[in-house]
Amino acid sequence: MSNYLNDFFFGIYPYLAIVIMVMGSILRYDQDPYSWKAGSSQLLRSRGMRAGSNLFHVGIILLFFGHFVGLLTPEPVYHAVMTAATKQTLAMVAGGIFGTLCFVGMTILIIRRLTDPRIRATSRPADIMILLVLYVQLILGLATIPFSAQHADGSSMIALANWAQHIVTFRTGAADFVLHEPLVFKLHIVLGLTIFVLFPFTRLVHVLSAPIKYLFRSGYQIVRRRS
């Protein structure tokens, strides 16, 4: 039974999650384009918004690219400049710093959303849910650092990277790489994939359009008529 669950969550579920994310996002944009937004609450109350939002976004963006590069860089590439142990140490330090930034920012945003009556009243259940899911995912990510430290040779990092690289290249046997890894790593991966599933149904969709919007928007100028 445990082998079956391992094969499902780490061999099949990644592809299900990606398909749901892609197809769900396309359908949402086609059927309900006006809901494709972050729904900022800054107009209701700006206190705490700037600090929390900046820390959260800087932290999570750096964590995303850190995971992307760390998991998908083949061993021969980084072995040219560092060992697996050095790469793991770098990942632990960077992940700890970026994760702490994100954690502080998310804590501010969650407290603000849950304790401010005006913001709480205008928050949809999905807004609160996805924020709490991301918060749990971040805590799980930070919790993996002590477990990584127990494998100073980088063996866990190599196993997880092999899993990710087998998934993105559609190779069989991906689930075998995480079979004997600590539970906290598995929970972190499964919840991360679940966030992909939730993506099209929450405010996270603005991630796909915000960078394009700000890179390619044309300049504008406010012009007032003389009275």
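Because the structure is a prediction, the values reported are computed rather than measured.

Looking now at the pattern of salt bridges. Two side chains that carry opposite charge are able to pair once their charged atoms sit near each other. The full count for this structure, using the stated rule, is two salt bridges. Here D127 ties to R124 by a salt bridge, and the two come within 3.3 Å at their closest N and O atoms. One salt bridge in this structure joins R203 and D127, with 3.7 Å as the shortest N-O distance. Of this pair, R203 sits in the loop between α8 (183–198) and α9 (206–216) while D127 sits in helix α6 (residues 125–149); the two residues are 76 residues apart in sequence, bridging distant segments of the chain. The two residues R203 and D127 agree in class, both being buried.

The subject of this paragraph is the confidence of the model for the protein. In this model, the protein carries a mean pLDDT of 87, and residues with pLDDT of at least 70 account for 86%. Within the protein, α9 has the poorest average pLDDT of any element, 60, and α8 the best, 97. Of the regions scoring below 50 in pLDDT, residues 212–223 engages in one contact with residues more than four places distant in sequence or in other chains.

Residues spaced three or four apart along an α-helix face the same direction, because each turn holds 3.6 residues. End to end, α8 covers 22 Å across 16 residues, agreeing with the expected 22 Å (1.5 Å per residue, within 8%). V184, F185, K186, H188, I189, V190, L191, G192, L193, I195 and V197 are the residues of α8 that are buried. Taken together, the buried residues of α8 touch α1 (2–31), α2 (49–72), α6 and α7 (155–168).

What follows is about the nonpolar core. Of all hydrophobic cores here, the largest spans 37 residues; its most connected members are F10, M106, W163 and I189. For this core, the elements supplying multiple residues, two or more each, are α1, α2, α4 (84–115), α6, α7 and α8. No other element matches α8, which puts eight residues into this core. Dropping the residues within four chain positions of it, I189 is found in contact with F10, L160, W163 and V178.

Our next topic: the side chain of N162. Mapped onto the secondary structure, N162 falls in helix α7. Once residues lying within four places of it in the same chain are set aside, the contact partners of N162 are E75 and F177.

It is the contact of α4 with α6, at a shortest axis distance of 9 Å, that shows an interaxial angle of 155 degrees. Here α4 lies roughly antiparallel to α6, going by the angle between them. Relative to α6, α4 is oriented so that their crossing is left-handed. Here the residues of the contact of α4 with α6 sort into 17 nonpolar, seven polar and two charged.

We now examine the packing of α2 against α4. The contact between α2 and α4 brings their axes to 7 Å, and the two run at 150 degrees. In this view, α2 runs roughly antiparallel relative to α4, as classed from their interaxial angle. Here the hand of the crossing between α2 and α4 comes out left-handed. Residues M49, G52, S53, L55, F56, G59, I60, L62, L63 and G70 of α2 pack against K87, G95, F98, G99, L101, C102, V104, G105, M106, I108, L109 and R112 of α4. Its residues assigned to classes, the contact of α2 with α4 comprises 13 nonpolar, seven polar and two charged.

With respect to the element layout, S123 can be found in the loop between α5 (117–122) and α6. One polar contact links S123 to R113, side chain to side chain, over a distance of 2.6 Å. Apart from the residues within four sequence positions on either side, S123 is in contact with R113 and I128.

What follows deals with the environment of L71. Its location among the elements puts L71 in helix α2. C-alpha separation for the pair L71 and A164, spaced 93 residues apart in sequence, amounts to 6.2 Å. Not counting residues up to four positions away in its chain, the partners in contact with L71 are L160, A161, A164 and Q165.

Thresholds applied
- Residues numbered from 1 in each chain as written.
- Predicted model: local features only at pLDDT ≥ 70, side-chain atom pairs only at ≥ 80, totals over all residues.
- Heavy atoms only, no water.
- Salt bridge = Lys/Arg side-chain N within 4 Å of Asp/Glu carboxyl O.
- Helix = DSSP H or I, 4+ residues; strand = E, 2+ residues; numbered from the N terminus.
- Buried < 20%, exposed > 50% of the residue type's maximum accessible area, 1.4 Å probe, protein only.
- pLDDT = per-residue confidence, 0-100.
- Contact = heavy atoms within 4.5 Å.
- Expected span 1.5 Å × (residues − 1).
- Core = buried A, V, L, I, M, F, W, Y, C linked by side-chain atoms within 4.5 Å.
- Axes fitted to C-alpha atoms, helices over the stretch in contact; angles between N-to-C directions.
- Parallel < 35°, antiparallel > 145°, perpendicular 65-115°, else oblique.
- Left-handed = near helix turned anticlockwise from the far one by under 90°.
- Nonpolar A, V, L, I, M, F, W, Y, C, P; charged D, E, K, R; others polar.
- Polar contact = N/O pair within 3.5 Å; in protein donor to acceptor, adjacent residues only side chain to side chain.

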